[in-house]
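Take a look at the letters that make up each chain.
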2 protein chains.
Amino acid sequence: MTVHELATKLNLSSTTVSRVLNGKSKRYRISAKTEQLVMETAKAYNFRPSHLARSLRLQQTHTVGLVIPDVSNPFFASLAKRLEVELRREGKFMMLCDTLASTSLEEETLKILFSRQIDGLIIAPSGGETQHLVELPEIPIVMIDRYFPEMEFDFVSSDNYRGGLLATEYLIKKGHPRIVCIQGTKDTMPNKERVRGYKQALENAGIRFEPGLLLGNEFSIDNGHSAFNELANMEQKPTAIFSLGNPITMGVLKAAGELKISIPNDISLISFDEQPYFDITSPPITTISQQIDEMGTRAVELLMNKMNSRPTTQANFIDPVLIERDSVLDVR
Amino acid sequence: MTVHELATKLNLSSTTVSRVLNGKSKRYRISAKTEQLVMETAKAYNFRPSHLARSLRLQQTHTVGLVIPDVSNPFFASLAKRLEVELRREGKFMMLCDTLASTSLEEETLKILFSRQIDGLIIAPSGGETQHLVELPEIPIVMIDRYFPEMEFDFVSSDNYRGGLLATEYLIKKGHPRIVCIQGTKDTMPNKERVRGYKQALENAGIRFEPGLLLGNEFSIDNGHSAFNELANMEQKPTAIFSLGNPITMGVLKAAGELKISIPNDISLISFDEQPYFDITSPPITTISQQIDEMGTRAVELLMNKMNSRPTTQANFIDPVLIERDSVLDVR
DNA sequence: ATGAAAGCGCTAACAC
DNA sequence: GTGTTAGCGCTTTCAT
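Residues numbered from 1 in each chain as written. Chains lettered and ligands numbered in written order. Predicted model: local features only at pLDDT ≥ 70, side-chain atom pairs only at ≥ 80, totals over all residues.

### Structural notes on the overall build of chain A
Move 1: When helices and strands are tallied, chain A shows 12 helices and 12 strands.
Move 2: For a compact globule of 332 residues, the expected C-alpha radius of gyration is about 20 Å, and chain A comes in at 26 Å, more than 25% above that figure. (Helix = DSSP H or I, 4+ residues; strand = E, 2+ residues; numbered from the N terminus. Rg over C-alpha atoms; globule rule 2.2 N^0.38 Å.)

### Concerning the protein's contact with DNA strand C
Move 1: Near DNA strand C lie 27 residues; those nearest to it are Ser13(A), Arg29(A), Thr2(B), Val3(B) and Ala53(B).
Move 2: Put simply, the parts of the chain that give the surface near DNA strand C at least two residues each are helix 2 (14-21) and helix 4 (51-58) of chain A together with helix 1 (3-9), helix 2 (14-21) and helix 4 (51-58) of chain B.
Move 3: Grouping the constituent residues of the surface near DNA strand C by class yields 10 nonpolar, 13 polar and four charged. (Near = placed C-beta within 6 Å. Nonpolar A, V, L, I, M, F, W, Y, C, P; charged D, E, K, R; others polar.)

### Focus on the packing of helix 5 (residues 74-89) of chain A against helix 12 (residues 292-307) of chain A
Residues and elements named next belong to chain A.
Move 1: It is the contact of helix 5 with helix 12, at a shortest axis distance of 9 Å, that shows an interaxial angle of 40°. It follows that helix 5 is oblique to helix 12 by the angle criterion. For the crossing formed where helix 5 meets helix 12, the hand is right-handed. Contacts between helix 5 and helix 12 involve Ser78, Leu79, Arg82, Leu83, Glu86 and Leu87 from the first element and Ile292, Asp293, Met295, Gly296, Thr297, Ala299 and Val300 from the second. (Axes fitted to C-alpha atoms, helices over the stretch in contact; angles between N-to-C directions. Parallel < 35°, antiparallel > 145°, perpendicular 65-115°, else oblique. Left-handed = near helix turned anticlockwise from the far one by under 90°. Contact = placed C-beta atoms within 7 Å.)

### What about helix 6 (residues 103-115) of chain B?
Residues and elements named next belong to chain B.
Move 1: Over its 13 residues, helix 6 runs 18 Å from end to end, which matches the ideal 18 Å to within 8%, given 1.5 Å per residue.
Move 2: Restricting attention to buried positions, one finds in helix 6 the residues Glu106, Thr109, Leu110 and Leu113. Axial view of helix 6: buried residues confined to an arc of 105°, hence all on one face.
Move 3: Where the residues of helix 6 are buried, they touch strand 1 (63-68), strand 2 (93-98), strand 3 (120-123) and helix 7 (131-134). (Expected span 1.5 Å × (residues − 1). Buried ≥ 20, exposed ≤ 12 C-beta atoms within 10 Å, placed from the backbone. Arc of directions from axis to C-beta.)

### Structural notes on the relation of the copies chain A and chain B
Move 1: With an RMSD of 0.1 Å, chain A superimposes on chain B once it is rotated by 180° and translated 0.1 Å along the axis. On this basis, the relationship between the two copies can be described by a two-fold rotation axis. In terms of C-alpha distance to the rotation axis, chain A has Thr281(A) as its closest residue, with the C-alpha 2.0 Å off the axis.
Move 2: In this assembly, 97% of the residues forming the interface of chain A have copies in chain B that are likewise at the interface, indicating an isologous arrangement. (Least-squares fit on C-alpha atoms with pLDDT ≥ 70 in both.)

### Looking at the protein's contact with DNA strand D
Move 1: Looking at DNA strand D, there are 27 residues lining it, with Thr2(A), Val3(A), Ser18(A), Ala53(A) and Arg29(B) nearest.
Move 2: For the surface near DNA strand D, the secondary-structure elements that each account for two or more residues are helix 1 (3-10), helix 2 and helix 4 of chain A together with helix 2 and helix 4 of chain B.

### Quick look at the sheet that holds strand 7 (residues 214-215) of chain B
All names here are of chain B.
Move 1: The sheet built from six strands is open, its strands ordered 7-6-8-9-10-12 with mixed pairing. Of all strands in the sheet, those bounded by a partner on one side alone are strand 7 and strand 12 (321-323).
Move 2: Where strand 9 (residues 268-272) lies against strand 10 (residues 286-289), three bridges are found, and the strand directions are parallel. Bridge pairing in strand 10 links Phe272 to Ile288.
Move 3: On top of the sheet, helix 8 (residues 160-173) reaches strand 6 (179-182), strand 8 (240-243), strand 9, strand 10 and strand 12; it is set at about 165° to strand 9, its chief contact. (Pairing = 2+ DSSP bridges.)

### Topic: the interface of chain A and chain B
Move 1: Taken together, the 38 residues of chain A in the interface contact 38 residues of chain B.
Move 2: The dominant element in the side of chain A that touches chain B, judged by the number of residues it contributes, is helix 5 of chain A, at six residues.

### Some thoughts on the environment of Gln200(A)
Move 1: Mapped onto the secondary structure, Gln200(A) falls in helix 9 (residues 189-204).
Move 2: Each C-alpha atom of the pair Gln200(A) and Gly164(A) lies 8.7 Å from the other, and the pair is 36 residues apart in sequence.

### A look at unusual backbone geometry
Residue and element names in this part refer to chain A.
Move 1: A cis amide bond links Ser282 to the next residue, Pro283, at an omega of -5°.
Move 2: With respect to the element layout, Pro283 can be found in the loop between strand 9 (268-272) and strand 10 (286-289).
Move 3: Although it is not a glycine, Asn11 sits at a positive phi angle of roughly 55°.
Move 4: On the secondary structure map, Asn11 appears in the loop between helix 1 and helix 2.
Move 5: Of note in the backbone geometry, Gln59 takes a positive phi value of approximately 55° without being a glycine.
Move 6: Here Gln59 is to be found in the loop between helix 4 and strand 1 (63-68).

### Quick word on helix 10 (residues 221-232) of chain B
Residue and element names in this part refer to chain B.
Move 1: Across its 12 residues, helix 10 extends 17 Å between first and last C-alpha, which sits within 8% of the 16 Å expected from 1.5 Å per residue.
Move 2: Those residues of helix 10 not exposed but buried are Ile221, Asn223, Gly224, His225, Ala227, Phe228 and Leu231.
Move 3: Those residues of helix 10 that are buried are in contact with strand 6, strand 7, strand 8 and helix 11 (246-258).

### Digging into the pairing of strand 5 (residues 154-158) of chain B
Residues and elements named next belong to chain B.
Move 1: Most of strand 5 sits inside the fold, with five of its five residues counted as buried.
Move 2: By the alternation rule, side chains of strand 5 split into Asp154, Val156 and Ser158 and Phe155 and Ser157, which are all buried.
Move 3: Relative to strand 11 (residues 315-318), strand 5 runs parallel, the two being bridged by four bridges. Across the sheet, residue Val156 finds its bridge partner in strand 11, namely Asn316.

### Let's talk about the nonpolar core
Move 1: Membership of the largest hydrophobic core comes to 79 residues, with the highest contact counts inside it found for Ile182(A), Phe242(A), Val252(A), Ile182(B), Phe242(B) and Val252(B).
Move 2: Val71(A), Phe76(A), Phe75(B) and Leu303(B) belong to the second-largest nonpolar core, a separate cluster that totals 75 residues. (Core = buried A, V, L, I, M, F, W, Y, C linked by C-beta atoms within 7 Å.)

### Brief notes about the sheet that holds strand 4 (residues 141-144) of chain B
Within a sheet, adjacent strands bond to each other through the backbone by hydrogen bonds, running parallel or antiparallel.
Residues and elements named next belong to chain B.
Move 1: The sheet built from six strands is open, its strands ordered 2-1-3-4-5-11 with parallel pairing. Among the strands making up the open sheet, the edge pair consists of strand 2 and strand 11. Across the sheet, the mean angle from the axis of one strand to that of its neighbour is 15°, orientation sign disregarded.
Move 2: Judged from the four bridges that link them, strand 1 and strand 3 form a sheet pairing that is parallel. Its bridge partner lying in strand 3, Leu66 is registered against Ile122.
Move 3: Helix 5 (residues 74-89) rests against strand 1, strand 2 and strand 3 of the sheet, and its axis sits at about 170° to strand 1.

Right under this line is the structure:
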């Protein structure tokens, strides 16, 4: 059923029908009779205008792309959910794309999204490469979680440096000078910043940073698992672990279970990324919690401002919060 | 940059350019020279054809809609991920929509998807209502997880009845005659079938079903939490819990922790839905695992068959598997 | 108060 | 081997 068919049925022109359907009856002084007739008939035939044709004509799609590395990481799942709710409220439709943490798939995904004429884009780039991002068409873009300070994209992110600092200071305060840091994907900004916070906290406390205590290379369960095995074999055992992401923490807990190494009695643990299950694990996990809902709200706010050519601020940091549980032993 | 502009630049017609770009040079005997020229120029100008215009013309979008109640439920997140991978392999683009477990939002979402001309649909309906599903346009549709046997949609689902049977038989075998069942959304098929399995297992063992032992009404953490509190106050305490979904289980564990009730020493627990964190909780959870990857693969296979008018089977059940851990005490 | 006609960017039927 | 033209379904300018 098309506008034209509807019009023919009513002995009207498609122009008139279109106007009524778009709520422009008043502006074009269409008679109440006609208006009512059109509305009723449209409803009766369950008429749905073609979004495709409409978008082609109007050159806008009311669609925002969301590109994230991994929906099955609950951090991104929660973020996606929040963004969807906020965008829906703004009348935008969200297209969610998972890039499997691959830059080449990310590039392909972006091409697809742009050929579909998205009006705006929210993206958490999967790696440290930016080449495919510089030559993007000029539409409003907001980066979330991951970002590149040297590129002029606006972004919303946790203050990861502060999170790294907070976590490490906490461990030191509890009497742990020898701390292993298990990192995620090395060239991502959150990872770099968390590590920077870790190093800074060490330095502030007069502890020399040991490169051998910085393990890992991916935000994954496997990485946490193998890094834990690695540290379990160290000659001089560390007394605490700072895990830089929730999948890593899960890997650590699995490996510790397998090796019958007790957390926190044998080794303490603090994690990044609050998760719903962190208070039912054995032991409940002390963690640096990112304010996911606020990140989502701010990102959409930022994007809407850009889409409506209102002024924005480029860098938007949100403070993470320490949640104290039972995975860190006080050894002072 | 449009096909026409490209053609003008090359002193060619848009037809020729379109043909080359769509790999039909051979069929239309376009000269190698022209072909190469077109390809190079397209690449030089970073030309991306408008998917909108293409879809409008071709009346197909190579897009499949996926509608699920809740991405932040890891069961659906994993399923979505698997489906995306499989659909990508088939050259389809997946549009993921979360309906926040609301039937009215589901209805709205479907309208949006259809006005965007999806070529196929995979859906896990959020509730028991079907009114909005009967009047859908006639495109290939596959239901997943949730389904309605009386409607003629093809579907892929775990054999939830068997799962319910398996779990309950296991508890009975371990010496638990008095089993509380905490259910999820009552009018969904998975829930009904799991409960049916629970009842059947009781009957097989000669145990009378007690309505008072069937608690809960939602696949949520809160529901698990409040149902546990309820059962903790029962006069005649049950010795085991059968939780019908992973969020429910999480709620149960939280509540048990708060009340200092030990699982499995004070009460045993078996859950539906294997989750990555089930072996790091205290205690590790015995569970009925759904074969998510296989469900995803089968659903896409089914959909592709329908989209290519190949024959399909309407009902596709996948056997769940019991994973034995430490949350059930043997009291024989 | 309503309509005719053009055009968004693409592809295909039908020329030559 | 390549081009002309029409049309997918919609909105809008310009007319009446």
